[in-house]
Amino acid sequence: MKRTAFYTYITMAALLLSAVGCKKDYQDPSGPSSDQAFSSPQAITDAAVGLQANYVKDRTGLLYTTITSGSLLSRETFVTNPGNADEAQLGTGGNTVLNNNVVVTGMWAYTNKILYDAENVLRATNIVVTDKGYASGLIAYTSIFKALALGVQANFWQQVPDTIGSPNHLTSVGFISGQQGYVRAVNTINNALNAIAANPISPAITPFLPKGINVMNTLYALKARYALYAGDYASALDAAGKVDLTSTSSFIFNPQVANPIFTLVSSTSNIYQVVDNKMGLPAGLQPDASDARVPFYMTAQPAGLKFVMAGFFKTNIQSIPVFLPGEIMLIKAECYARTNNLPLGLAELNKVVTKKPADDPFGIGANLPPVAVATIPDLLTQIYKHRRIEMFMSGQEIEDERRFGRPTAERTRSYFPYPFVERNDNPNTPPDPTF
């Protein structure tokens, strides 16, 4: 399937968003002005809800581009049809990933669009919305997507823009390290938590927000994730301890806004599929034969492809989690390990290793005997192994590979090159990483 229609669509989108570098101006000249679009609490709420649509919808949304990129770069999946040239570049990696790659360009464009729109929502909320509890709900919900977009950029690019830019005029934005990008994500969440502490979220906003997102749990989970990636283990551990592991937070789909991975990938196997039941891991780290997470995430086939993806990609209306309880447990384990607390780190790891599917709200459980390790390096290796299995096809793989110091031979690239839509418009764009 050569996705000509998709190429046309994303090329048009890239042209419309060609200001992702300097200009950062996404206003539609045929639509309402910014003043009109953000003139009332309801209009601001509608704009905030639109952030989720840009995150989840179709091939252009960040769910598709992050899950596709993470799984192909880490060799969890492989391209089944070489006619899908852009995905094939990611699977091959190295210098074959071009600056005009559609997946890469789409991810860059839509992270910047979400950031720009989120900033407009946050700015207007503070000016227009007089109900402080309603305002804190808007700030919290919007901050989730702003933090996610910042996190995606820091995950896939070595350096990221240091500001969201100014509308309606050229701005040559500078760049900061990806780790500083994670710090910006944490700061975004802290601002939201401070707003909620000052004015608890009003129930009046709940009917207007998409169902499925547990706002408080998601804020704490994302703070734990990005604080860990930024190396702030105390903050990550504190935030992880505030996540309710019995509840869920998910992107909910319907026939109109369908699960993009099922609809585009697993329903036909014509773009990519899972490689095998080793989950992209090298010898010594591959799942145990009895690991119950393997049949959760993939299904063995009697003919043709040996395995096909399952997990959260089995139907067009299946929800996709924003985070997993197991991720939070493993964040705690890693924080303890990186601060040389082996007993507590091992205890948190074994909560994941021994977890039964019935004890997990999503049905994910290894159901294995506890592991035993004697050193911090061995503990970290086991944490890495179980992150890759527990969080299979989550889009977090490459950050994990870099952070745990895995050999570059285990992935096809460490960072993406900068799209031409950025380089051609912003003289501050850094050199492309060599790998």
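Per an unreviewed UniProt entry, the recorded name for the protein is RagB/SusD family nutrient uptake outer membrane protein, and the organism is Chitinophaga qingshengii.

## What about the overall build of the protein?
Across its full length, the protein holds 17 helices and eight strands. Evaluated residue by residue, the protein yields a buried proportion of 59% over its 435 residues. Put simply, 73% of the contacts in the protein that link residues at least 6 apart link residues at least 24 apart. Put simply, the protein shows about 16600 Å² of open surface, and 55% of that area lies on carbon and sulfur atoms.

## Remarks on the environment of L281
Locating L281 in the fold gives a position in the loop between strand 5 (272-274) and helix 12 (293-297). On a C-alpha basis, the gap between L281 and R388 in space is 7.9 Å, while along the polypeptide they are 107 residues apart.

## Looking at the confidence of the model for the protein
Residues of the protein with pLDDT of at least 70 account for 90%, and the chain-wide mean is 92. Note on residues 1-20: pLDDT under 50 across the span, and 42 contacts to partners over four residues away in sequence or across chains. For the stretch residues 166-170, pLDDT sits under 50, and the model shows 10 contacts to residues farther than four places along the chain or on other chains.

## Observations concerning helix 7 (residues 132-156)
Counted at 1.5 Å a residue, the expected span for helix 7 with its 25 residues is 36 Å, and the 36 Å between its end C-alpha atoms agrees. In terms of burial, helix 7 is largely enclosed, as 24 of its 25 residues are buried. One side-chain oxygen at the N-terminal end of helix 7 lies 3.1 Å from the backbone nitrogen of G133; it belongs to D131.

## Quick word on unusual backbone geometry
Phi at R75 is positive, roughly 65°, even though this residue is not glycine. Mapped onto the elements of the fold, R75 is located in the loop between helix 4 (62-73) and strand 1 (77-79). Among the residues examined, R75 registers a relative accessible area of 37% and is labelled partly exposed. The backbone of N340 shows a phi angle near 65°, a positive value even though the residue is not glycine. Position of N340 relative to the elements: it lies in the loop between helix 13 (325-338) and helix 14 (342-353).

## Thoughts on the side chain of E422
Along the chain, the position of E422 falls in helix 17 (residues 420-423). In this structure E422 comes out as buried when scored by relative accessible area, which is 0%. There is a polar contact of 2.9 Å between the side chain of E422 and the side chain of W108.

## Let's talk about the pattern of salt bridges
On inspection of all chains with the given rule, the structure shows 21 salt bridges. The closest approach of N and O atoms between E327 and R225, which form a salt bridge, is 2.8 Å. Linking E327 in helix 13 with R225 in helix 9 (residues 215-229), this pair joins segments that are 102 residues apart in sequence. No difference in accessibility class separates E327 from R225, as the two residues are buried. E399 is paired through a salt bridge with R403; the nearest N and O atoms lie 3.3 Å apart. Residue E399 and its partner R403 are both found in helix 16 (residues 397-403); the two are separated by four residues, about one turn of the helix. E399 gets classed as buried once you look at its relative accessible area, which sits at 6%. Owing to a relative accessible area of 16%, R403 belongs among the buried residues under this scheme. Bridged by salt links that share partners, the residues E334, R338, R387, E399, D400, R402 and R403 form one connected network.

## Looking at the packing of helix 9 against helix 10 (residues 233-240)
Packed helix pairs are specified by the crossing angle of their axes together with the interaxial distance, meaning the distance between the axes. Packing of helix 9 against helix 10 leaves a shortest axis separation of 8 Å and a crossing angle of 160°. Judged by the angle between their axes, helix 9 and helix 10 are roughly antiparallel. With respect to the hand of their crossing, helix 9 and helix 10 are arranged in left-handed fashion. Mapping the contact onto sequence places Y220, K223, A224, A227 and L228 in helix 9 and Y233, S235, A236, A239 and A240 in helix 10. Split by residue class, the contact of helix 9 with helix 10 holds eight nonpolar, one polar and one charged.

About the cut-offs
Residues numbered from 1 in each chain as written. Predicted model: local features only at pLDDT ≥ 70, side-chain atom pairs only at ≥ 80, totals over all residues. Heavy atoms only, no water. Helix = DSSP H or I, 4+ residues; strand = E, 2+ residues; numbered from the N terminus. Buried < 20%, exposed > 50% of the residue type's maximum accessible area, 1.4 Å probe, protein only. Contact = heavy atoms within 4.5 Å. Areas by Shrake-Rupley, 256 points an atom, 1.4 Å probe, with all protein chains shown as cover. pLDDT = per-residue confidence, 0-100. Expected span 1.5 Å × (residues − 1). Polar contact = N/O pair within 3.5 Å; in protein donor to acceptor, adjacent residues only side chain to side chain. Salt bridge = Lys/Arg side-chain N within 4 Å of Asp/Glu carboxyl O. Axes fitted to C-alpha atoms, helices over the stretch in contact; angles between N-to-C directions. Parallel < 35°, antiparallel > 145°, perpendicular 65-115°, else oblique. Left-handed = near helix turned anticlockwise from the far one by under 90°. Nonpolar A, V, L, I, M, F, W, Y, C, P; charged D, E, K, R; others polar.

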